[in-house]
Amino acid sequence: MSALLALEFVSTIGMLRTGPVDRLADVAETTTWCREHAAALRVDPDSFTATETLRDEIVELRQAIRALFARAVSPGPASAADADRLPPFRPSLDLVNATAMAVPVAPMLDWPDDDVPVAHVVPAVSAGESERIRAVLAASAVELLAGPYREKLRTCPAPRCVLYFVKEHPRQEWCSVACGNRARAARHYRQHSADR
Ligand SMILES: [Zn+2]
């Protein structure tokens, strides 16, 4: 689902057992992440290669989207990964909108000689690779934040987790089973150490 691409995008800031991790930390990792999402981002899964500029521009957009996510989950807490150094809300909103609008898309009918016609969504204007990738990501954020997922967006409260997630059922408290187990273990430990 295209709205959830924005969630995967902001989740490039995550947490491993060893500590915080940024999957867009350098050009090589950005290349890997974009190739993993090649179909959604409309890039070549084999030859796409990020540049330093592209990485910087994508990271700037990610931080703007994270500022919007922080507002979406309030009054709940924002992700602890960068809550204290997010860009301000209004310029972030302007950046996301301008980025999405920079590359409008249109349907294109592809009709091979020996097959049925299929529609593709393609950029309606010529644009550079970074612009096109960012437009897809920004449009996904617009879709998520204006749609039914916004009310279900949460920051995972498990110890050491910094992920946003979409609650799939009403009783879901954590982003994953692993986080649930860790949070329950921490709660159990706290209760038992208080007994002593
Ligand atoms: Zn979690």
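Structure's up top.
These remarks concern the structure in this document. Since the structure is predicted, the reported quantities are computational estimates derived from the model, not experimental observations.

How each quantity is defined
In every chain, residue numbers begin from 1 and rise along the written sequence. Only residues with pLDDT of at least 70 get local features here, since the model is predicted, and only at 80 or more are side-chain atom pairs given and counted; chain-wide, interface and lining totals rely on the full set of residues. Excluding hydrogens and water, the side-chain values take into account all heavy atoms of the structure. For this analysis, a salt bridge means a side-chain nitrogen from Lys or Arg found within 4 Å of a carboxyl oxygen belonging to Asp or Glu. A run of H or I in DSSP becomes a helix once it reaches four residues, and a run of E becomes a strand once it reaches two; helices and strands are each numbered from the N terminus. Exposure classes here rest on a 1.4 Å probe applied to the protein chains alone. A residue is buried below 20% of its type maximum, exposed above 50%, and partly exposed in between. Of the two site types, the cavity is a set of points on a 1 Å grid over the protein atoms alone where a 1.4 Å probe fits but cannot get out, and the pocket is an open set with protein on both sides within 12 Å along at least five of seven lines, each lined by residues with an atom within 4 Å of a point. Grid points are joined across faces, edges and corners, and a volume is the space filled by probe spheres set on the points. Amino acid classes used here: Ala, Val, Leu, Ile, Met, Phe, Trp, Tyr, Cys and Pro are nonpolar; Asp, Glu, Lys and Arg are charged; the rest, including Gly, are polar.

### Observations regarding the pattern of salt bridges
Enumeration according to the criterion identifies eight salt bridges in this entry. Salt-bridge contacts for D82 lead to R66; the nearest nitrogen and oxygen are separated by 2.6 Å. Placement of the pair is D82 in the loop between α4 (52-73) and α5 (89-102) and R66 in helix α4, with a sequence separation of 16 residues. Its relative accessible area of 1% is what places D82 among the buried residues. Through salt bridges with shared partners, a single network forms among E52, R55 and D56.

### Observations regarding the layout of surface pockets
Roughly 320 Å³ of volume is contained in the largest pocket. Lining the largest pocket are G14, M15, L16, R17, R160, C161, L163, C175, S176, A178, C179 and R182. Its residues placed into classes, the lining of the largest pocket shows seven nonpolar, two polar and three charged. Each pocket or cavity is described by its volume, and for the second largest pocket that value is around 270 Å³. As for the second largest pocket, its lining consists of 16 residues, of which S2, R42, V136, A139 and S140 are closest to the centre. Here the residues of the lining of the second largest pocket sort into eleven nonpolar, two polar and three charged.

Treat this as a map of the structure, not an account of what it does.
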